[in-house]
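# Examining the three-dimensional arrangement
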Amino acid sequence: MTANRIIEIALDHFAENGYEGASLAHIAEQVGIKTPSIYAHFKSKDDLFLRVIEQAIHDELKLLREFCERSRDNTVQHQLFELIAQYKDRYDNDNSVKFLLRMMFFPPVSLQALVMEHINAYLDKMEQMLVTVFERGMERAEVAQLDVGTVTASFMCLLDGVLVEMLLGGPVRFKKRLDASWKIYWLSLTP
């Protein structure tokens with residue numbers, strides 16, 4: 001149970017302070033243990049950080065599956081737009097999302113290869129789930145009969161672009177970029 005609590009608290013610290021700014025002493029203090037006790041559960045700060053990444057990815061994939069299931073009766077256009085738009089509130093209110101997005105785009109240099117291995121596996125799973133959404137849209141004649149892999153990859157590119165705008169430009173620029181790019185993107189998919 002303590003390992004889970006350490007991961008939970010570490011996620012908040014990494015989300016707010018980044019890898020370099022997070023302190024194992026502060027994490028241990030908030031958990032209610034001494035710093036050396038962290039090493040009973042994790043080999044190092046790097047090990048803890050990678051476990052936090054794994055947990056954040058696990059949680060995010062679960063939320064994506066639930067979102068896709070919950071919204072499957074909506075039009076694909078509405079479902080996909082909402083998928084992107086909801087990141088703003090989730091980023092503001094959920095440290096797991098904040099942590100994951102920051103690490104996707106700005107991983108610690110010393111762990112970049114390992115972090116990106118996890119992130120790329122996550123993005124591949126996300127893309128697989130979205131293929132199903134696009135296939136359903138094509139079956140319903142909501143989406144033009146295009147190569148589903150290309151359509152999904154272009155959606156991922158759009159998502160990346162507006163998320164970077166959210167991280168670097170703020171909420172007003174995020175909304176402006178999302179609204180403008182979504183109109184053009186969706187027009188290209190309309191049958």
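Now for a look at the structure at hand. (Residues numbered from 1 in each chain as written. Predicted model: local features only at pLDDT ≥ 70, side-chain atom pairs only at ≥ 80, totals over all residues. Heavy atoms only, no water.)

## Description of the nonpolar core
Defined as follows: For the purposes of this section, nonpolar cores are sets of buried Ala, Val, Leu, Ile, Met, Phe, Trp, Tyr and Cys residues that join through side-chain atoms within 4.5 Å. In this scheme, a residue with accessible area under 20% of its type's maximum is buried, one over 50% is exposed, and one in between is partly exposed, where area comes from a 1.4 Å probe on protein chains only. Think of it this way: any DSSP run of H or I at least four residues long counts as a helix, any run of E at least two long counts as a strand, and we number them from the N terminus.
Grouped together as the largest cluster of nonpolar side chains are 67 residues, with contacts concentrated most on Leu48, Phe49, Phe99, Met126 and Phe155. Per-element accounting of this core gives the leading share, 11 residues, to helix α4 (residues 45-70).

## Here's the deal with the pattern of salt bridges
When the charged atoms of two side chains lie near each other, side chains of opposite charge can form a pair. Put simply, the test is: One speaks of a salt bridge when a side-chain nitrogen belonging to Lys or Arg is within 4 Å of a carboxyl oxygen belonging to Asp or Glu.
Tallied over the full model, the rule gives 10 salt bridges. Glu16 is paired through a salt bridge with Lys98; the nearest N and O atoms lie 3.4 Å apart. Linking Glu16 in helix α1 (residues 2-21) with Lys98 in helix α6 (residues 95-105), this pair joins segments that are 82 residues apart in sequence. The partly exposed category is assigned to Glu16, whose relative accessible area is 44%. Glu165 is the partner of Arg173 in a salt bridge, and the nearest nitrogen-oxygen pair spans 2.7 Å. Residues participating in the shared-partner salt-bridge network are Glu165, Arg173 and Arg177.

## Points about the packing of aromatic side chains
The geometry of two aromatic rings is summed up by the distance between their centres and the angle between their planes. Heads up, the rule is: Each pair of aromatic rings taken from Phe, Tyr and Trp, with Trp reduced to its six-membered ring, is defined by centres within 6.5 Å and is described as stacked if the planes are under 30 degrees apart, edge-to-face if over 60, and tilted in the remaining cases. By definition here, charges over rings are those cases where NZ of Lys or CZ of Arg is within 6 Å of the ring centre and within 35 degrees of the ring normal.
Going through the model one piece at a time under the given rule, you end up with 10 aromatic pairs. For the pair Phe14 and Phe49, a centre-to-centre distance of 4.9 Å together with 85 degrees between the ring planes defines the contact as edge-to-face. Separated by 35 residues along the polypeptide, Phe14 in helix α1 and Phe49 in helix α4 bring together distant segments of the chain. Pair check on accessibility: Phe14 and Phe49 agree, each one buried. Their ring planes at 75 degrees and their centres at 5.5 Å tell us that Phe49 and Phe99 sit as a pair that is edge-to-face. Of the two residues, Phe49 sits in helix α4 while Phe99 sits in helix α6, which places them 50 residues apart along the sequence. For the pair Phe49 and Phe99, a shared accessibility class is recorded, and that class is buried. Linked through ring pairs, Phe81, Phe134, Phe155, Trp182, Tyr185 and Trp186 together constitute an aromatic cluster. One residue, Lys45, lies across the ring of Tyr19, its end atom 4.7 Å from the ring centre.

Fair warning: the whole summary comes from geometry, so function is off the table for now.
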